[in-house]
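Structural description and commentary
The residues making up each chain are set out below.
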Protein chains: 2
Amino acid sequence: MRQALPARPSCAYLRAMTHARFTPLVQSLPATVPFVGPETQVRQRGVDFRARLGANESVFGPSPRAVAAMQAAAAEVWMYGDAESHDLRHALAQRHGVQPQNVLVGEGIDGLLGNLVRLTVAPGDAVVTSDGAYPTFNYHVTGHGGALHKVPFRDDHEDPAALFAKAREVGAKLVYLSNPDNPMGSWHSGSDILAAMADLPEDTLLVLDEAYVECAPRGTAVAVAPDDPRLIRMRTFSKVYGMAGARVGYALAAPELIAAFDKVRNHFGMNRIGQAGALAALADDDWLGQVQRDIAAARDRIGAIAAENGLSALPSATNFVAVDCGRDADFAKAMVDNLVELGVFVRMPFSTPQNRCIRISCGTAADLDILAETLPQALAAARG
Amino acid sequence: MRQALPARPSCAYLRAMTHARFTPLVQSLPATVPFVGPETQVRQRGVDFRARLGANESVFGPSPRAVAAMQAAAAEVWMYGDAESHDLRHALAQRHGVQPQNVLVGEGIDGLLGNLVRLTVAPGDAVVTSDGAYPTFNYHVTGHGGALHKVPFRDDHEDPAALFAKAREVGAKLVYLSNPDNPMGSWHSGSDILAAMADLPEDTLLVLDEAYVECAPRGTAVAVAPDDPRLIRMRTFSKVYGMAGARVGYALAAPELIAAFDKVRNHFGMNRIGQAGALAALADDDWLGQVQRDIAAARDRIGAIAAENGLSALPSATNFVAVDCGRDADFAKAMVDNLVELGVFVRMPFSTPQNRCIRISCGTAADLDILAETLPQALAAARG
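Residues numbered from 1 in each chain as written. Chains lettered and ligands numbered in written order. Predicted model: local features only at pLDDT ≥ 70, side-chain atom pairs only at ≥ 80, totals over all residues. Heavy atoms only, no water.

**Quick word on the overall build of chain A**
- In terms of helices and strands, chain A carries 14 helices and 12 strands.
- Taking 21 Å as the expected radius of gyration for a compact globule of 384 residues, we find that chain A reaches 22 Å, a close match to that expectation.
- Overall, the C-alpha framework of chain A stretches about 60 × 60 × 55 Å when taken along its three principal axes.
- Counting over 384 residues, chain A shows a buried share of 64%.
- Sequence separation of at least 24 residues holds for 73% of the intrachain contacts in chain A that already meet a minimum separation of 6. (Helix = DSSP H or I, 4+ residues; strand = E, 2+ residues; numbered from the N terminus. Rg over C-alpha atoms; globule rule 2.2 N^0.38 Å. Buried < 20%, exposed > 50% of the residue type's maximum accessible area, 1.4 Å probe, protein only. Contact = heavy atoms within 4.5 Å.)

**Examining the pattern of salt bridges**
- On inspection of all chains with the given rule, the structure shows 36 salt bridges over all chains.
- Across the pair Asp284(B) and Arg65(B) runs a salt bridge, and its minimum N-O distance is 3.8 Å. With Asp284(B) in the loop between α11 (272-282) and α12 (285-308) and Arg65(B) in helix α4 (residues 64-74), this pair connects stretches of sequence that are 219 residues apart.
- Residues joined in a network through salt bridges with shared partners are Glu39(A), Arg52(A), Glu57(A) and Arg272(B). (Salt bridge = Lys/Arg side-chain N within 4 Å of Asp/Glu carboxyl O.)

**Digging into the interface of chain A and chain B**
- Contact residues are listed per partner, giving 97 residues for chain A and 98 residues for chain B.
- Summed over both partners, the interface of chain A with chain B comes to about 8500 Å²; 58% of that surface belongs to carbon and sulfur atoms.
- Among the residues of chain A in contact with chain B, Arg21(A), Trp78(A) and Tyr80(A) are the three that bury the most area, contributing 10% of the side total.
- Applying the counting criterion to the chain A and chain B interface returns 6 salt bridges.
- Linking chain A with chain B are 49 residue pairs in polar contact (both at pLDDT 80 or more).
- Of the residues forming the side of chain A that touches chain B, the biggest block, 6 residues, is contributed by helix α1 (residues 11-20) of chain A. (Buried area = accessible area lost by both parts, 1.4 Å probe. Polar contact = N/O pair within 3.5 Å; in protein donor to acceptor, adjacent residues only side chain to side chain.)

**Brief notes about the UniProt feature "domain: Aminotransferase class I/classII large" (unreviewed entry) in chain A**
- In the numbering used here, UniProt assigns the feature "domain: Aminotransferase class I/classII large" (unreviewed entry) to residues 53-375 of chain A.
- Helix and strand shares over residues 53-375 of chain A are 39% and 15% respectively, and the end C-alpha atoms of the span are 13 Å apart. (UniProt positions renumbered as here; feature names shortened; annotations may be inferred.)

**Structural notes on the pairing of strand β8 (residues 249-252) of chain B**
Residue and element names in this part refer to chain B.
- The two faces of β8 match: Gly249 and Ala251 on one face and Tyr250 and Leu252 on the other face are all buried.
- Of the strand pairs in this sheet, strand β2 (residues 103-106) and β8 are connected by 4 bridges, and their pairing is antiparallel. Residue pairing across strands places Gly106 opposite Gly249, the latter belonging to β8.
- Relative to β8, strand β7 (residues 231-236) runs antiparallel, the two sharing 4 bridges. The residue of β8 that forms the bridge with Arg233 is Leu252. (Pairing = 2+ DSSP bridges.)

**Description of the relation of the copies chain A and chain B**
- With an axial shift of 0.0 Å and an RMSD of 0.0 Å, the rotation relating chain A to chain B amounts to 180°. Such a turn and shift between the copies fits a two-fold axis. Scanning chain A for the C-alpha nearest the rotation axis identifies Gln71(A), at a separation of 2.3 Å.
- Mapped onto chain B, 100% of the interface residues of chain A again fall at the interface, so both copies present the same surface. (Least-squares fit on C-alpha atoms with pLDDT ≥ 70 in both.)

**Description of helix α6 (residues 108-120) of chain B**
- For α6(B), which comprises 13 residues, the first-to-last C-alpha distance of 19 Å matches the rise-based estimate of 18 Å (1.5 Å per residue) to within 8%.
- Taken across its 13 residues, α6(B) has 13 buried, putting it largely inside the fold. (Expected span 1.5 Å × (residues − 1).)

**Considering unusual backbone geometry**
- Here the residue pair Asn179(A) and Pro180(A) is connected by a cis peptide bond, since its omega of -5° sits within 30 degrees of zero.
- Position of Pro180(A) relative to the elements: it lies in the loop between β5 (174-178) and α9 (190-196).
- The linkage connecting Asn182(B) with the following residue, Pro183(B), adopts the cis geometry, with an omega of 20°.
- By the element assignment, Pro183(B) lies in the loop between β5 (174-178) and α9 (190-196).
- We note that Asp156(B) has phi near 65°; this positive angle belongs to a residue other than glycine.
- By the element assignment, Asp156(B) lies in the loop between β4 (147-151) and α8 (160-170).
- Note on Asp156(B): relative accessible area 15%, which makes it buried.

**A look at the sheet that holds β4(B)**
Residue and element names in this part refer to chain B.
- Read from one edge of the open sheet, 7 strands run β2-β8-β7-β6-β5-β3-β4, paired in mixed fashion. Edge positions in the sheet fall to β2 and β4, since each of these pairs with one other strand and no more. Between one strand axis and the next, the sheet turns by 20° as a mean value, whatever way the strands run.
- Across 5 bridges, strand β3 (residues 126-130) lies against β4 in parallel orientation. Along β4, the bridge assignment pairs Thr129 with Lys150.
- On the sheet, α6 packs against β2, β5, β6 (205-209), β7 and β8 and is oriented at approximately 160° with respect to β7. (Axes fitted to C-alpha atoms, helices over the stretch in contact; angles between N-to-C directions.)

**As for the domain arrangement of chain A**
All names here are of chain A.
- According to the domain assignment, chain A consists of domain 1 (38-59 + 286-383) and domain 2 (64-283).
- For domain 1 and domain 2, the distance between their C-alpha centres works out to 25 Å.
- The partner domain 2 presents 25 residues to the 25 residues of domain 1 that form the contact.
- Taken over both partners, the interface formed by domain 1 and domain 2 buries close to 2000 Å², and the fraction arising from carbon and sulfur atoms is 61%.
- Considering only the side of domain 1, the residues that lose the most area to domain 2 are Leu288, Ala317 and Gln354, jointly responsible for 26% of the buried surface there.
- Where domain 1 packs against domain 2, one counts 1 salt bridge.
- Among the salt bridges present, the one from Asp156 reaches Arg356, with a minimum N-O distance of 2.6 Å.
- Seen at the junction of domain 1 and domain 2, the total is 10 residue pairs in polar contact (both at pLDDT 80 or more).
- In terms of residues, the side of domain 1 that touches domain 2 owes the most to one element, helix α12 (residues 285-308), which gives 6 residues.
- Across the side of domain 1 that touches domain 2, the residue classes tally to 13 nonpolar, 8 polar and 4 charged. (Domains from an automatic or database assignment. Nonpolar A, V, L, I, M, F, W, Y, C, P; charged D, E, K, R; others polar.)

Right, here's the structure in full:
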């Protein structure tokens, strides 16, 4: 079947030609990726993890009703998914007391962020985020040629006032704020964020990532008018709803902004099984409540395990806990490496001084037994 | 929960502000979408279709092994999918006799085309395609500011020589060719395409969309060296493999080109259930063979039904048949509308003179019984 090229050019020539095919922007982009996935680490290690607590997935899984809906949808997967995600969008609108025109369903928050950046950020445009906040947002901004400006965390919290002041200073198109935040698990009340938004520049759109908000105390979600043009909120079925692998996220915003996504999104990009699963998951509040309780209990247990080892867990409104290892980034890195070596997948923050911590996702009781068993060993080896 | 905006600006002001948020390119884009989906039509009609034969899906469904794999994966969907699609990529490499570095798995061909255009087409760059070929490719090109140049079909076939000559004339970054083609179902032999590629300009990348190639006679797939830098081939699990709703496509190309996608793709964008299903589907050649036979039989039956009604079906190497209605586009449009009205979802080509045809996807025996029943009525009504 294989045939040689008709006239075979040199390898160096081919590489140069391939390079020249890319846009100047793409040629300027680094080849790095935002994250190394756990499967990649498992292949490198040659052995599976004993506990998968590094990606803020929900080990408690999706609602059994969602699983059943996905299994039923598998037999109908020969059909493209509904390009409008009509049923899911209407159910979400009802849940949030908004109109369907305020809701956009997309391929996870990652996909929605990518399209949002594409819509709003031209090369050279300024964008503001926190130093150490979600790397995939930064990846999209850089990928579209935006200029990132970073604001430090303040006392392990993102700092809305400083973010919005920086946005004003640099004339930002977008300012990114996660609440609750990743990787520290800290949070602000929705009313505090709303108050800070009084100083949001008129030309800046606030990207409020509420991926973890269902793990947070009441009042953490920001309460704004559905058509408020100052912000877009991002939500997901990947966290509390336990469907990270299904790739279903959604955005809440003014209709004009939601409608603009139709100019760039993949209209038939939503997988049919994920749509069906999310719709069923949304209808199962009992399961949601159970997972919320499981997460709260797991956070407490991680805090207790940390304390038993002389470490302090930070308060968390998410499905993970940042554990302060009490020293510098090298020490935390050693802790992460040691835990991974012992079969426990965890990660850590990227930026100083948050990178004194390691980040542990909530696990089952069995997962946390393994954590309790391995943490002292990891600590001893790191102190070694 | 709802609060008014702190200082409520006028509606017109809000709209203008929202508009100003978008990049100049996005502001210039039309609000149109490439396709209206069948679910949207069903909601407009208020009644389900009796036969869904308009989107070139495979009514024969996925392999039962793929369904079982997806159902098993549903319970594990709390985990993100493998960012490298390692197992699927390796299986595809083995199937095609290439290296895993030659293979990229993505969210359907639509997603892969979008990323390819983003990688290669800067605003103003020229791109060549056939007039009436895949609208979603055009959507991506326009969406990234590319300048589309269109070449007519020749005797209801895409015209590689004319496409490549136009690419040379306009200095195209990309030239799109589907083989077999959509919407006519015609095809060229792989060796004819390879011969035509001798005139492909050095600076132009050929995007060879082989979405339907598993429905085509042997020798339709182009046989090139795996590292040939002149082209990228697109394949999918949406057609013969019956998994359109799972959103799994892949590209075959030189490693340098495949690697570049890592600069822009959503690394965790592949849904886990689709990965599992595709891997199982790929291993079930018996099912593939059965579907190929079912498709061939359905094509014959559509041809026979057309002939019974005095219409002529075009030869097809795909899972659909273009039926020449023997008059103009208005007549074909009336036929489509009448069939839709009678509960049979079909579509038609966009461009003259292909739009004298209607496009009917292969159906089950029951589907085609409904087609046989409704086509004479649609025809009678169109002839008025």
